Amino acid sequence: MLAVWMEAYIDISQWWPKAEDGSLLSVYAVHRQFEGSPNEVTRHTLTVARAGRLKKADIDNLVKLARICSVLSGELVTVNDIVKIQEDS
């Protein structure tokens, strides 16, 4: 059997909103938008997912992150969309 290296992570950077000046909106601003809602996640989770480096998360947080991306982008974003898989074949 041939072993294949695989790495999976969460990356929400393509749906991250921009400020009026074109810079990325702060994690704090996005967190405040969802604070107290059913889709609230920690600022740490948002920071690491925005950087495309989230490797460990609760299933609930994956769903929340996909829903946050849907709200931010105005289009349906699924868990499959935010999970990135790198394989060395």
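Each remark here, short or long, concerns the structure printed above.
Reading guide: rules and limits
- Residues numbered from 1 in each chain as written.
- Predicted model: local features only at pLDDT ≥ 70, side-chain atom pairs only at ≥ 80, totals over all residues.
- Heavy atoms only, no water.
- Helix = DSSP H or I, 4+ residues; strand = E, 2+ residues; numbered from the N terminus.
- Buried < 20%, exposed > 50% of the residue type's maximum accessible area, 1.4 Å probe, protein only.
- Contact = heavy atoms within 4.5 Å.
- Areas by Shrake-Rupley, 256 points an atom, 1.4 Å probe, with all protein chains shown as cover.
- Lys, Arg positive; Asp, Glu negative; His and termini not counted.
- Charge placed at Lys NZ, Arg CZ, Asp CG, Glu CD.
- Axes fitted to C-alpha atoms, helices over the stretch in contact; angles between N-to-C directions.
- Parallel < 35°, antiparallel > 145°, perpendicular 65-115°, else oblique.
- Nonpolar A, V, L, I, M, F, W, Y, C, P; charged D, E, K, R; others polar.
- Core = buried A, V, L, I, M, F, W, Y, C linked by side-chain atoms within 4.5 Å.
- Salt bridge = Lys/Arg side-chain N within 4 Å of Asp/Glu carboxyl O.

Caption draft 1: Molecular detail of the overall build of the protein chain. The secondary structure content of the protein chain amounts to 4 helices and 2 strands. Beginning at the N terminus, the succession of helices and strands in the protein chain can be written as β-α-α-α-α-β. Seen through its principal axes, the protein chain has C-alpha atoms that stretch 50 × 30 × 25 Å. Relative to its full complement of 89 residues, the protein chain shows a buried share of 33%. Long-range pairs, those at least 24 residues apart, make up 61% of the contacts in the protein chain between residues at least 6 apart in sequence. Carbon and sulfur atoms form 50% of the exposed surface of the protein chain, whose accessible area is close to 6,000 Å². The protein chain carries 10 positive and 12 negative side-chain charges, and their two centres are separated by 5 Å.

Caption draft 2: Representation of the packing of helix H1 (residues 27-34) against helix H3 (residues 59-73) in the model. The geometry of H1 relative to H3 is characterised by a closest axis approach of 12 Å and an angle of 100 degrees between their N-to-C directions. Taken as axis vectors, H1 and H3 run roughly perpendicular relative to one another. Side by side, H1 and H3 meet where Val30, Gln33 and Phe34 of the first sit next to Ile68, Val71 and Leu72 of the second. Tallied by class, residues from the contact of H1 with H3 come to 5 nonpolar, 1 polar and no charged.

Caption draft 3: Structural context of the environment of Ala51. Mapped onto the elements, Ala51 comes out in the loop between helix H2 (43-50) and H3. Given the relative accessible area of 43%, Ala51 is considered partly exposed. When the C-alpha atoms of Ala51 and Glu7 are compared, they prove to be 16 Å apart, with 44 residues separating the residues in sequence.

Caption draft 4: Spatial organisation of the nonpolar core. In this structure, Ile10, Ile12, Leu46, Leu65 and Ile82 are the most contacted members of the largest nonpolar core, which totals 20 residues. With near-sequence residues (within four places) excluded, Leu65 lies in contact with Ile10, Ile12, Val41, Thr45, Leu46, Ala49, Leu54 and Ile82.

Caption draft 5: Inspection of the pattern of salt bridges at higher detail. Overall, the coordinates contain 2 salt bridges when judged by the stated rule. Lys55 is the partner of Glu7 in a salt bridge, and the nearest nitrogen-oxygen pair spans 3.4 Å. Taken together, the residues Glu7 in strand E1 (residues 5-10) and Lys55 in the loop between H2 and H3 connect sequence positions 48 residues apart. Judged by relative accessible area, Glu7 falls into the partly exposed class, the value being 26%. What makes Lys55 partly exposed here is its relative accessible area of 49%. The shortest N-O distance in the salt bridge between Glu35 and Arg32 comes to 3.4 Å. Overall, Glu35 belongs to the partly exposed group, its relative accessible area being 41%. By relative accessible area, Arg32 is classed as partly exposed at 48%.

So far we have only geometry, and geometry alone does not tell us how the molecule works.
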